[in-house]
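What follows is the residue order along each chain.
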Amino acid sequence: MSHWPSLRLGLSLLLLAMLRGHAGATTQGTVAGDVSSTSLARASESSRMPVPGLALGEVYRPGVDLDHYLVSEKLDGVRGYWNGRRLITRGGMPISAPAWFTSDFPAVALDGELWMGRGTFAFLSGTVRRSEPDEDAWRRVRYRVFDLPDHPGDFETRLSVLRGLLATSPSPFLDLVEQTRVADHDALMVALEQVVAAGGEGLMLHRRDSLYRIGRSADLLKVKPYLEADARVIAHLPGRGRHEGRLGALVVEEADGTRFRLGTGFSDVERDDPPPVGSVVNFKYHGRTVNGLPRFASFMRQVETP
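These remarks concern the structure in this document.

Reading the values: rules and limits
Residues numbered from 1 in each chain as written. Predicted model: local features only at pLDDT ≥ 70, side-chain atom pairs only at ≥ 80, totals over all residues. Heavy atoms only, no water. Helix = DSSP H or I, 4+ residues; strand = E, 2+ residues; numbered from the N terminus. Buried < 20%, exposed > 50% of the residue type's maximum accessible area, 1.4 Å probe, protein only. Polar contact = N/O pair within 3.5 Å; in protein donor to acceptor, adjacent residues only side chain to side chain. Contact = heavy atoms within 4.5 Å. Pairing = 2+ DSSP bridges. Axes fitted to C-alpha atoms, helices over the stretch in contact; angles between N-to-C directions. Phe/Tyr/Trp six-rings, centres within 6.5 Å; stacked < 30°, edge-to-face > 60°. Arc of directions from axis to C-beta.

## Details of the side chain of R79
Here is step 1 of the chain: Relative to the elements of secondary structure, R79 occurs in strand 3 (residues 78-82).
Here is step 2 of the chain: For R79, a relative accessible area of 16% puts it in the buried group.
Here is step 3 of the chain: Reaching out from R79, the side chain makes a polar contact with the backbone oxygen of A55 at a distance of 2.8 Å.
Here is step 4 of the chain: Contacts of R79, omitting those with residues within four sequence positions, involve L54, A55, L56, I88, T89, R90, D111, G112, E113, F146 and Y212.

This is the structure we're talking about:
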């Protein structure tokens, strides 16, 4: 018992040293440009952040007065919200971009798309989802900006401010998504055919006099040669034949409770590493059956992690 006070003192000093070492370790990597970090810091950085309030598009249908809209290409990329300090996905997950990628971004909120070019979505998505950034891959990424969420003006005003903001930015990774006018529905369909023939996904219509409105509205319209929707992954079904040992299909559920199997549209990489249960995926389809199921549904991309 006579040794107990000395032992207790020794343990206290050891614990204090460990705590000081831990505190020093967790503050590493907080200096701008320092890419080192501890596992605790990485865990904190990878945790979900508040979901950003973003404008979301509805589906275009003939009859819309196109004189009220500006047209741009719908980029097949990853939606990214820049909050003035860091990039966040549509679902609220922080994006681990290299510090040099965002170092010259303006200190204002931006809405845009991370993009590598047409037909590169699978590689881009893998790049963006990595917790440790692949710097060589990120050098191919551009942040294509199309809106200023916090600006109080209408879309044409916001677009003009964006042009000036990006024109003076030294960042080589920031691009403006240009907007044009079309005369009527026939001209819009010609533009759509040209974009799709070149490997693009479709078009977007921004209402010229609209304020930035969170959620889905007719201020933002998607123009595609097919319909699309989102659904949450409920289960994985095993593959057969050539796909034995990996994903065969997803069981997904739409917001209204409609469940169905989604078994086409996946690359081999996506079948080996499928969207996890609980994530939200985007799929395309061509109308509905009498039971409300999507016809010829095909997987397009994962849009939100669980």
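## Considerations on the sheet that holds strand 9 (residues 215-223)
Here is step 1 of the chain: Taken together, the four strands give an open sheet; going across it, the order is 1-9-8-2, and neighbouring strands pair in mixed fashion. The open sheet has two free edges, formed respectively by strand 1 (55-59) and strand 2 (69-74), since each of these has just one partner strand. Neighbour-to-neighbour, the strand axes of this sheet turn through a mean angle of 40°, independent of strand direction.
Here is step 2 of the chain: Sheet analysis places strand 1 next to strand 9, joined by five bridges and oriented parallel. Bridging across to strand 9, L56 finds its partner in R216.
Here is step 3 of the chain: Most of the contacts of helix 7 (residues 185-197) go to strand 8 (residues 202-207), to which it runs at about 135°, and overall it touches strand 2, strand 8 and strand 9.

## Focus: the packing of aromatic side chains
Here is step 1 of the chain: The tally for this structure, following the rule as stated, stands at 10 aromatic pairs.
Here is step 2 of the chain: Relative to F173, the ring of W100 has its centre 5.4 Å away and its plane inclined at 45°; by these criteria the two rings are tilted. Taken together, the residues W100 in helix 3 (residues 99-102) and F173 in the loop between helix 6 (155-167) and strand 7 (174-176) connect sequence positions 73 residues apart.
Here is step 3 of the chain: Of the residues examined, F173 reaches a relative accessible area of 10% and is grouped as buried.
Here is step 4 of the chain: Taken together, a centroid distance of 4.9 Å and an interplanar angle of 65° make the contact between F101 and W138 edge-to-face.

## Concerning the pairing of strand 8
Here is step 1 of the chain: Here strand 8 lies mainly inside the structure; five of its six residues are buried.
Here is step 2 of the chain: Summarising the sheet, strand 2 and strand 8 pair through six bridges and their orientation is antiparallel. Paired with Y69 across the strands is R207, a residue of strand 8.
Here is step 3 of the chain: Across four bridges, strand 8 lies against strand 9 in antiparallel orientation. From the neighbouring strand, H206 faces strand 9, where its bridge partner is L220.

## Here's the deal with helix 4 (residues 121-129)
Here is step 1 of the chain: By the burial criterion, the buried members of helix 4 are F121, L124, S125, T127 and V128. All buried residues of helix 4 project into a common sector of 160° when viewed along the axis, lining one side.
Here is step 2 of the chain: Against the buried residues of helix 4 lie strand 3, strand 5 (110-115), helix 5 (135-138) and strand 14 (298-304).

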